[in-house]
Amino acid sequence: MSATWRLGDLTVNRIGFGAMRLAGRVAFGSDQRGRDRAIAVLRRAVELGVNHIDTASFYFTGDLAANDVIREALAPYPDDLVITTKVWPARHPDGTWWWATPEQLHGQVEDNLRTLGRDRLDVVNLRVPPSTQDGSIAAHFGALAELREAGLVRHLGVSNVTAEQLAEARAIAPVVCVQNAFGVGAPAQERELLRGCGEQGIAYVPFFAIAGSGRESGTGTGEHEAVEEVARAHGASPARVRLAWTLAQGPHVLAIPGTGDLDHLAENVAAGALRLSDDDLARLNGLTGQGSAGVRA
């Protein structure tokens, strides 16, 4: 397992686990075998040293919901386990999306508390919709700050944000993490935001670090030649190389790869031990267009 970083006063290992694929667009399905497999993956992740799980109440397919599976697999929770969730987007039972008003965020937080079986949420990220990429998030983040003051939330983060929105949020309440799409080929603007987070002591938590162009559907059918060549040189998979490159961007960078496969889980966790050379990093740093724009929910 790789080194640690902080989410406020909580210390986590830098490789965590993203729960979207437990019941997301690439899900096991809603049968019992899918639930049993999801439980096995979560328990094995904790055995391998994962103590940071990212989830959301809108991660569900049919009757298989990530929060429910996390509670079933891991409660009573280990003392050092940090569960991060997100609010603002939501889904109706038929899967269609809706976006909460500031006043509705309280209900979303309560829903996560109930489904996870927690009295207080460790970290809640305000997930900004694409339609608000250039707009103010003050009303929604202010509502979350009130819930933090009320004791329902321990720490706050932001997701899918610009540098300006991060500054706006920090003027309202402390921000412990930024969760944006990022990976090999990320644009210069996002790399600058990552560096800025490091300077401010804020954890940067990229999603789609492995998937690249695949997004919610998982890894794409093709892989960049440079990633393939670095992978062959190290006897590693391209996914492991992508994760290792991501972690090499700074000690404040965390990873939350998701998977429903035990072998892939072990490989993802092992990425923390893969050390890329300066030449490897320079080659991968030069790639563009391989990973981070176009975020959905």
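Our structure's up above, just so we're on the same page.
Here the structure is a predicted model, which is why all the values come from computation and not from measurement. Residue numbers restart at each chain and count upward from 1, following the sequence in its written direction. Only residues with pLDDT of at least 70 are given local features in this predicted model, and only at 80 or more are side-chain atom pairs given and counted; all residues enter the totals for whole chains, interfaces and linings. Excluded from the side-chain calculation are hydrogens and water; included are all heavy atoms of the structure.

A.B. asks: How do you make sense of the packing of aromatic side chains when you look at a structure like this?
C.D. replies: In this scheme Phe, Tyr and Trp rings, the latter by its six-membered ring, pair at centre separations within 6.5 Å, and the angle between planes marks the pair as stacked below 30 degrees, edge-to-face above 60, and tilted otherwise. Taken as a whole and assessed by the stated rule, the structure comprises 5 aromatic pairs. A ring pair is formed by Phe182 and Trp245, whose centres lie 5.6 Å apart and whose planes are at 15 degrees; its orientation type is stacked. In this pair, Phe182 sits in the loop between strand 12 (177-179) and helix 6 (188-199) while Trp245 sits in helix 8 (residues 238-247), placing the two residues 63 residues apart along the sequence. When accessible area is computed with a 1.4 Å probe and restricted to protein chains, residues below 20% of their type maximum are described as buried, those above 50% as exposed, and intermediate ones as partly exposed. When its relative accessible area of 1% is taken as the criterion, Phe182 is described as buried. The exposure class of Trp245 is buried, given its relative accessible area of 0%. Here Phe207 and Phe208 contribute two aromatic rings whose centre-to-centre distance is 5.0 Å and whose plane-to-plane angle is 75 degrees, an arrangement assigned as edge-to-face. By relative accessible area, which is 10% here, Phe207 ends up buried. On the accessibility criterion, Phe208 (13% relative accessible area) is buried. Of the aromatic side chains, those joined through ring pairs into one cluster are Phe58, Tyr59 and Trp97. Geometrically, a lysine NZ or arginine CZ counts as sitting over a ring once it is within 6 Å of the ring centre and also within 35 degrees of the ring normal. The ring centre of Trp5 lies 4.5 Å from the NZ or CZ of Arg6, which sits over that ring. The ring of Trp97 carries Arg91 above its face, with NZ or CZ at 5.7 Å from the centroid. The numbering of helices and of strands both runs from the N terminus, where a helix is a DSSP run of H or I of at least 4 residues and a strand a run of E of at least 2.

A.B. asks: Help me understand helix 10 (residues 278-285), please; the structure alone is not making it clear to me.
C.D. replies: Residues spaced three or four apart along an α-helix face the same direction, because each turn holds 3.6 residues. Here helix 10 has its buried residues at Asp280, Leu281 and Leu284. Mapping the buried residues of helix 10 onto a view down its axis gives an arc of 95 degrees, with all of them on the same face. Along helix 10, exposed side chains directed more than 90 degrees from the buried face belong to Asp278 and Asp279. Pairs of residues are marked as contacts when any of their non-hydrogen atoms sit within 4.5 Å. Elements that come into contact with the buried residues of helix 10 comprise helix 7 (225-234) and helix 8. Relevant arc is that of directions from the helix axis to the C-beta atoms, nothing else.

A.B. asks: Help me out: how do you make sense of the pairing of strand 7 (residues 82-87) in this one?
C.D. replies: Every regular strand shows the same layout, with side chains that alternate between the two sheet faces. Counting buried residues in strand 7 gives 6 out of 6 residues, a clear majority hidden from the surface. Residues of strand 7 alternate between two faces, with Val82, Thr84 and Lys86 on one and Ile83, Thr85 and Val87 on the opposite face, all of them buried. The pairing criterion for strands is at least two bridges between them, as found by DSSP. With 3 bridges connecting them, strand 4 (residues 52-54) and strand 7 associate as parallel partners. Its bridge partner being in strand 7, Ile53 is matched across the sheet by Ile83. Note that strand 7 and strand 10 (residues 121-127) share 4 bridges and pair parallel. Residue pairing across strands places Thr84 opposite Val123, the latter belonging to strand 10.

A.B. asks: How should the side chain of Asn51 be read in this particular structure?
C.D. replies: With respect to the element layout, Asn51 can be found in the loop between helix 1 (32-47) and strand 4. Distance and chemistry together define a polar contact, namely a pair of N or O atoms within 3.5 Å, with one atom able to donate a hydrogen and the other to accept it when in protein, and with adjacent residues in sequence counting only for side-chain atoms on both sides. Within the structure, the side chain of Asn51 is placed 2.8 Å from the backbone nitrogen of Asn13, a separation counted as a polar contact. Not counting residues within four places of it along the chain, the set of residues in contact with Asn51 comprises Thr11, Val12, Asn13, Asp80, Leu81 and Val82.

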